[in-house]
Amino acid sequence: MRRWSWVLQRLRRQIWFRAAVISAAGIVTAAVSGLVGRYFPYQFPADVGQDAVGTILEILASSMLAVTTFSLTAMVTAYGSATQLATPRATQLLREDPTSQNALSTFLGAFVFSVVGIIGLQAGIYGSQGRFVLFAGTLMMILVVVLTLLRWISHITTFGRMSDVIDRLEDAAASAMERFAQAPHLGGRPAVPVPPEARVLYHKRTGYVHHLDVPTLGQISTERGLVLHVAALPGTLVHPGRPVLHVEGELDEADMAALLDAFTIDRHRTFDHDPRLGLIALSEVASRALAPATNDPGTAIEVSNALLRVLLHLPAEEPDAEALRDAPSVHVARPVMEDFLRDAFDPILREGVVEVEVSLRLTKTFKALADALPHAREPVRAMARRLSERVEARQDDRDALLRFHQVHEALWDAGAERA
C-alpha cells in the first residue's frame, strides 16, 4: 500500500474528520435552504411560520447539545474502562469505532444545522418558500437523529466492555494477520544476507514504524539499479542509531531522502500493518485477568480462543518463488512463528499455569495450532513442552496436576503417533 493511500485510510478513521464532514453538511443544508426556496419554481401550498420553524430548531439545538455532551462522556468512560480492565492498547480501536463516531458526528451536525437555521431565520434570509424547505430539512434531520439515537443506545450497552474489547482486538489482529498472509514480505522479496559493503541508512526520528511504502522503495530501486534490504519492519522501534535500510549500489542525497521518506514513524504502535501488536494486546488482557487481584481465568480462556483464531490466518513459511518473480529488489524479513508464539502466549504461561482450566485450554490450543499449521509444528511443540514444564514446577494441587498431564499426554502422544 502506498503512503498516500494509507494516510487517507487513517484520516477517514479520525473522529474529527467525520464530525467536520457532517457538521459542514449541516451548515450547507441550512444555508442552501434559503436559496433553494428562492429559486424553486414550484409554489408550496403551505406557509410555515417563522416562529414554528424557529421553535423546533431551538428545541433541536438545545437537546442535541446535551446529547452530544452525554455521548462524549460515555465514550471517555468507555476508554477509561478499557484501559483499566483490559489494556491501554485497546483505546485506539475504541476511538476509531465507526458507530460511536457516526453518532457523535450526527448529533453535532444536527446542533450546527439548528444553530445556522436559527441565525438564518433571525436574519430574515428565508422567505415563505425557504422556510418550507428548512422545515422539511428539519423533519428529515429529526428522523436521522432518532434513528441514530436508537442505534447508539443499543451500541452503548456493550461499548468498552471486556467482551467488546476482546472482539475488537481479535478483529484488528486478524485483519493485520490476513494482510500479512497475503504479503508476508509486504510486496518485496524474502530477506537474504546483507553484503558487508552495503550502505547503511539511519532515520533521524525516534519511534515505531507505522507504515513501509514498499512500492515506492521498489520504484526507486528499479530506477537507480539498487538492491534494498529493509532492517525495520512495521512495529519496530527505531532511533538515530538503529539501521532502517541497507542499500547495494550508488545513491546520492536525494535518493537517501526519498528512501527514508518511505518509512512512516510515530510515537505509538498501530494495528494496521503490525500483526504482532494484536497478539501482544490480547495477551496483555489475559495477563491482567490472571493477576491475583482480578483472578478471572474465564477471560484468559476467551483470549486463548481469540489467539487461536488469529494465528490460524498465518501463511506458509515462504511464498512460492514464482509469485516473487516480478517483485522489486526490496528484501523484507518477516516475523517467524516463534515470534508470534512468544508474543501471544508468554504472558499467559507466566501468569496462568496455576489455573488448571487455563493450562488445559492452552495445551488444546497448541494442539489445534500444530494440527492446522504443519509448517509450525515444531515451534508449537516446543511451546507445549514449556507449558508442561511450567505446570509441573508451579502447580501445587496434585489432582489438578494429574488432570493436566492426562489431557496433555493424551493429546500430544496421539499426535506423535499419527505423525
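As a reminder, the structure under discussion sits directly above these lines.
## Here's the deal with unusual backbone geometry
Here the phi dihedral of Leu186 falls at roughly 60 degrees; this positive angle occurs in a residue that is not glycine. Checked against the element boundaries, Leu186 lands in the loop between helix H7 (162-182) and strand E1 (199-202).

## Side note on the layout of surface pockets
Considered as a void within the structure, the largest pocket measures approximately 540 Å³ in volume. Mapped onto the lining of the largest pocket, the elements with two or more residues apiece are helix H1 (3-13), helix H4 (91-95), strand E2 (207-212) and strand E6 (263-266). Ranked by the residues each element gives to the lining of the largest pocket, the list is headed by H1, at five residues. Along the lines of polarity and charge, the residues of the lining of the largest pocket split into six nonpolar, eight polar and nine charged. Computed from the structure, the second largest pocket encloses a volume of approximately 460 Å³. Around the second largest pocket, the lining comprises 26 residues; the ones closest to its centre are Ala183, Leu186, Pro234, His273 and Pro275. Contributing elements (two or more residues each) for the lining of the second largest pocket: H7, E2, helix H8 (214-224) and helix H10 (275-289). With four residues, the top contributor of residues to the lining of the second largest pocket is H7. Class assignment of the residues belonging to the lining of the second largest pocket gives a composition of 14 nonpolar, five polar and seven charged.

## A short note on the packing of helix H5 (residues 98-123) against helix H6 (residues 128-156)
Direction vectors running N to C along H5 and H6 enclose 155 degrees, while the axes themselves pass 10 Å from each other. As far as their axial angle goes, H6 and H5 are roughly antiparallel. For the element pair H5 and H6, the recorded crossing hand is left-handed. Residues Thr99, Ser100, Asn102, Ala103, Thr106, Phe107, Ala110, Phe113, Gly117 and Leu121 of H5 lie in contact with H6, whose contacting residues are Arg131, Leu134, Gly137, Thr138, Met141, Val144, Val145, Thr148, Leu149, Arg151, Trp152 and His155. Residue classes in the contact of H5 with H6 are distributed as 11 nonpolar, nine polar and two charged.

Procedures and definitions
- Residues numbered from 1 in each chain as written.
- Predicted model: local features only at pLDDT ≥ 70, side-chain atom pairs only at ≥ 80, totals over all residues.
- Heavy atoms only, no water.
- Helix = DSSP H or I, 4+ residues; strand = E, 2+ residues; numbered from the N terminus.
- 1 Å grid on protein atoms, 1.4 Å probe; cavity = no way out; pocket = protein on both sides within 12 Å on 5 of 7 lines; lining within 4 Å.
- Points joined across faces, edges and corners; volume = space filled by probe spheres on them.
- Nonpolar A, V, L, I, M, F, W, Y, C, P; charged D, E, K, R; others polar.
- Axes fitted to C-alpha atoms, helices over the stretch in contact; angles between N-to-C directions.
- Parallel < 35°, antiparallel > 145°, perpendicular 65-115°, else oblique.
- Left-handed = near helix turned anticlockwise from the far one by under 90°.
- Contact = heavy atoms within 4.5 Å.

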